[in-house]
Amino acid sequence: MEVAEQQRQQKIAEEQRVAAQQAEQKKEEESPVSQETIDNYEANQAETWAEEAEIEEQLNKEEEERLAKEQAEQEAYEAQIIAEQDANFSDEAKEQIQKEIDEEGYSQTSYYCDQVMTAVQRGDMTKEEAGGCLK
């Protein structure tokens, strides 16, 4: 009796599996979008995402290069300013500037002497009028 019951349940399970498979097949056949269309869409999406990632990577690389160039230019400019200051500022002015930077983190004397140096270079002021800023 148990064997017959087991066979009956197996037959029911098989019929349910076949019915589910047929229902899935019918659903696919009735679907307005074929599996091929879905596969193509997914492939296109994957390709688009890959292209977008490449573009983003390129943009990031270009931005990093631009920032590195700007930083190098800024550092070169600062080195030029320091060289000009070193060549033109008096030893007393340089000592005062360093003291202010050490104590306060910035120097008003440096700003003032830069303005004076620029005025002398433009001819708006003579070295004698520059006070203790310039050599």
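The text that follows walks through the structure, step by step, so that each part is easy to find. Since this is a predicted model, take the numbers as computed values, not measurements.

## Quick word on the overall build of the chain
- The secondary structure content of the chain amounts to four helices and zero strands.
- When the helices and strands of the chain are listed from N to C terminus, the series reads α-α-α-α.
- With respect to the principal axes defined by its C-alpha atoms, the chain has extents near 120 × 35 × 15 Å.
- Expressed as a percentage of the 135 residues in the chain, the buried residues total 13%.
- For the chain, the share of sequence-separated contacts (at least 6 apart) that also reach a separation of at least 24 residues comes to 47%.
- With an accessible surface of roughly 11300 Å², the chain has 50% of that area assigned to carbon and sulfur atoms.
- Across the chain, the centroid of the 13 positively charged side chains sits 4 Å from that of the 38 negatively charged ones.

## Side note on the pattern of salt bridges
- Under the criterion given, the structure shown has seven salt bridges.
- One salt bridge connects Lys94 with Asp91, and the closest N-O pair in it is separated by 3.8 Å. A residue pair is termed a helical-turn pair when its members lie 3 or 4 positions apart in one helix, as Lys94 and Asp91 do in helix H3 (residues 91-104) at three residues.
- A single salt-bridge network, built from bridges that share partners, covers Glu63, Arg66 and Glu70.

## Some thoughts on a negative patch on the surface
- A surface patch of negative charge is lined by Glu47, Glu51, Glu52, Glu54 and Glu57.
- Within the element layout of this structure, Glu51 appears in helix H2 (residues 35-88).
- Take Glu51: its relative accessible area is 43%, and that puts it in the partly exposed class.

## A few points about the nonpolar core
- If you look at the biggest cluster of nonpolar residues, it comprises 10 residues: Phe89, Ala93, Ile97, Cys113, Val116, Met117, Val120, Ala130, Cys133 and Leu134.
- Listed by contribution, the elements that provide at least two residues to this core are H3 and helix H4 (108-122).
- No other element matches H4, which puts four residues into this core.
- Those residues within four positions of Leu134 in sequence are excluded, and the remaining contacts are Asn88, Phe89, Ser90, Val116, Met117 and Val120.

## A look at the layout of surface pockets
- Of the voids in this model, the largest pocket is the one considered here, and its volume is about 210 Å³.
- As for the largest pocket, its lining consists of Ile82, Gln85, Asp86, Phe89, Lys94, Ile97, Gln98, Ile101, Ser107 and Ser110.
- Contributing elements (two or more residues each) for the lining of the largest pocket: H2 and H3.
- Ranked by residue count, the leading element in the lining of the largest pocket is H3, at four residues.
- Residue composition of the lining of the largest pocket, grouped by class: four nonpolar, four polar and two charged.

Rules used throughout
Residues numbered from 1 in each chain as written. Predicted model: local features only at pLDDT ≥ 70, side-chain atom pairs only at ≥ 80, totals over all residues. Heavy atoms only, no water. Helix = DSSP H or I, 4+ residues; strand = E, 2+ residues; numbered from the N terminus. Buried < 20%, exposed > 50% of the residue type's maximum accessible area, 1.4 Å probe, protein only. Contact = heavy atoms within 4.5 Å. Areas by Shrake-Rupley, 256 points an atom, 1.4 Å probe, with all protein chains shown as cover. Lys, Arg positive; Asp, Glu negative; His and termini not counted. Charge placed at Lys NZ, Arg CZ, Asp CG, Glu CD. Salt bridge = Lys/Arg side-chain N within 4 Å of Asp/Glu carboxyl O. Patch = residues over 30% accessible without salt bridge, like charges linked within 9 Å, V, L, I, M, F, W, Y side chains within 5 Å. Core = buried A, V, L, I, M, F, W, Y, C linked by side-chain atoms within 4.5 Å. 1 Å grid on protein atoms, 1.4 Å probe; cavity = no way out; pocket = protein on both sides within 12 Å on 5 of 7 lines; lining within 4 Å. Points joined across faces, edges and corners; volume = space filled by probe spheres on them. Nonpolar A, V, L, I, M, F, W, Y, C, P; charged D, E, K, R; others polar.

None of the figures reported here should be taken as evidence of function without further support.
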